[in-house]
Amino acid sequence: MSSTAIVSGDDTLDPSLQSILDQKSLRWIFVGGKGGVGKTTTSCSLAIQLAKVRRSVLLISTDPAHNLSDAFNQKFGKEARLIDGFDNLSAMEIDPNGSIQDLMAGQAGEDVDAMSGGMGGMMQDLAFAIPGIDEAMSFAEVLKQVKSLSYETIIFDTAPTGHTLRFLQFPSVLEKALAKISQLSSQYGPLLNGFLGANGTLPNGQNLNDMMEKLEGLRATISEVNTQFKDENLTTFVCVCIAEFLSLYETERMIQELASYGIDTHSIVVNQLLFPKQGSGCDQCNARRKMQKKYLDQIEELYDEFNVVRMPLLVEEVRGKERLEKFSDMLVHPYVPPE
């Protein structure tokens, strides 16, 4: 999964995630990478380490596979819940592909059926015309909830790379979408109010002005979060990979896209590394280690300004509080292979 091996004397950056623990200003931490590289184990482990030095930490899974429950052997849902054995570390699992009807109904304070006609239907039609808006609105609702919970640090265990990058675009997408809806409301509001009458009541009983106020409030929240995501003092992204070609390729693509969004990333966790003992007679182990070393060398050359953390492949699954705590220690205390 991840941590650090032997450090040569000319290494300039600490091969651990200690810098993230030391950066007290960080509020949002995203952990992402290709599927199957150990993202959940890494995010759980980082959350455990952060809980030692923060007042309160929230770990959120936005991966539809939802592995947090499996990792901690405890069931989590869409409400934040304390993790057994901790008094300042909570977790929740949310589906980023939520229903826009549910959210729009929630914003208007009506049930979904009531949204089928009048302005509600028009709003939905308008919203659906914006690419990514369904997931974005769901993401907005999560952010609103998270913001009201006032955790000191929030860690996102994200879905595989493509979804993650879309996920990080959502604040921008949503901010633009809500601004457009607000603009249309300003343009056509007087006309609509002429049809609706003095009190601005829609055919389904909703009040147009109230609805627009709620959407405007949501836009303000998203705008604030969008600004925070692009502030390196508040947000960082931890890339997780394994020492193989496809994973390295995906990591490079992700780092370039994160840079284009203005999102800080300076940590890479390389998981599942083999450290065969000297003189080991296992040909497969030695061959795989040779391949891994080739890609590790490339990672170190490409990302010489990153904290590169090297974590060993373990003989047992990293599940349950005790094993996760043991594993998490290697994120901050570099792993040294046995002689």
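Since the structure is predicted, the reported quantities are computational estimates derived from the model, not experimental observations. (Residues numbered from 1 in each chain as written. Predicted model: local features only at pLDDT ≥ 70, side-chain atom pairs only at ≥ 80, totals over all residues. Heavy atoms only, no water.)

**Q** It is not clear to me how the overall build of the protein should be interpreted in this structure. Could you clarify?
**A** Scanning the protein from N- to C-terminus turns up eleven helices and eight strands. Counting over 339 residues, the protein shows a buried share of 51%. By sequence separation, contacts in the protein at least 24 residues apart represent 78% of the contacts at least 6 residues apart. A total of about 15,500 Å² of accessible surface is found on the protein, and carbon and sulfur atoms cover 51% of it. (Helix = DSSP H or I, 4+ residues; strand = E, 2+ residues; numbered from the N terminus. Buried < 20%, exposed > 50% of the residue type's maximum accessible area, 1.4 Å probe, protein only. Contact = heavy atoms within 4.5 Å. Areas by Shrake-Rupley, 256 points an atom, 1.4 Å probe, with all protein chains shown as cover.)

**Q** What exactly am I supposed to notice about helix H11 (residues 321-332) here?
**A** The α-helix winds at 3.6 residues per turn, so residues separated by three or four positions along the chain end up facing the same way. Taking 1.5 Å per residue as the helical rise, H11 with its twelve residues ought to reach 16 Å, and the 17 Å between its terminal C-alpha atoms agrees with that figure. Within H11, the full set of buried residues consists of Leu324, Phe327, Ser328, Met330, Leu331 and Val332. Considering only its buried residues, H11 is in contact with helix H1 (18-22), helix H2 (39-51), helix H3 (68-72), strand S7 (267-273) and strand S8 (307-312). (Expected span 1.5 Å × (residues − 1).)

**Q** Please clarify how the nonpolar core should be interpreted in this entry.
**A** Here is a general trend for soluble globular proteins: nonpolar side chains tend to be buried in one another's company. Ranked by size, the top nonpolar core spans 71 residues in total, and within it Trp28, Leu46, Phe72, Ile155 and Val270 carry the most contacts. Other than its neighbours up to four places away in sequence, Trp28 contacts Leu143, Val146, Ile154, Phe156, Val225, Gln228, Phe229, Leu234, Thr235 and Thr236. (Core = buried A, V, L, I, M, F, W, Y, C linked by side-chain atoms within 4.5 Å.)

**Q** Help me understand the state of the cysteines, please; the structure alone is not making it clear to me.
**A** By definition, a disulfide links the sulfur atoms of two cysteines through a covalent bond. Under the criterion given, the structure shown has one disulfide. Here Cys282 is linked by a disulfide to Cys285, with a sulfur-sulfur distance of 2.3 Å. Classification of the bridge connecting Cys282 and Cys285 rests on its S-S torsion, roughly 70°, and on that basis the disulfide is right-handed. Cysteine Cys239 remains unbridged, with the sulfur of Cys241 as its closest cysteine sulfur at 7.9 Å. (Disulfide = S-S within 2.5 Å.)

**Q** So what exactly am I meant to see when it comes to the packing of aromatic side chains here?
**A** For any pair of aromatic rings, the description rests on two quantities: the centre-to-centre distance and the angle between the ring planes. Per the counting criterion, the structure on display carries nine aromatic pairs. Ring centres of Phe30 and Phe156 lie 4.7 Å apart, and the angle between their planes is 10°; this geometry places the pair in the stacked category. One end of the pair, Phe30, is in strand S1 (residues 28-32); the other, Phe156, is in strand S5 (residues 153-157), with 126 residues separating them in the sequence. Residue classification places Phe30 among the buried positions, given a relative accessible area of 0%. Take Phe156: its relative accessible area is 0%, and that puts it in the buried class. Between the aromatic rings of Phe275 and Tyr335, the centroid separation amounts to 5.2 Å while the plane-to-plane angle is 45°, which identifies the pairing as tilted. With Phe275 in the loop between S7 and helix H10 (283-302) and Tyr335 in the segment after H11, the pair connects residues that are 60 residues apart, well separated along the chain. (Phe/Tyr/Trp six-rings, centres within 6.5 Å; stacked < 30°, edge-to-face > 60°.)

**Q** Quick question: what am I supposed to make of the sheet that holds strand S6 (residues 235-242) here?
**A** Strand pairs in the sheet, formed through backbone hydrogen bonds, run parallel or antiparallel to each other. Here eight strands make up an open sheet; going across it, the order is S3-S4-S2-S5-S1-S6-S7-S8 and the pairing mixed. Sheet topology places strand S3 (81-82) and S8 at the edges, where each strand pairs with a single neighbour. Sheet topology places S6 next to S7; five bridges connect them, and they run parallel. Looking at S7, one finds that Cys239 is bridged to Ile268. Packed on one face of the sheet, H2 meets S1, strand S2 (57-61), strand S4 (89-93), S5, S6 and S7 and runs near 170° to S5. (Pairing = 2+ DSSP bridges. Axes fitted to C-alpha atoms, helices over the stretch in contact; angles between N-to-C directions.)

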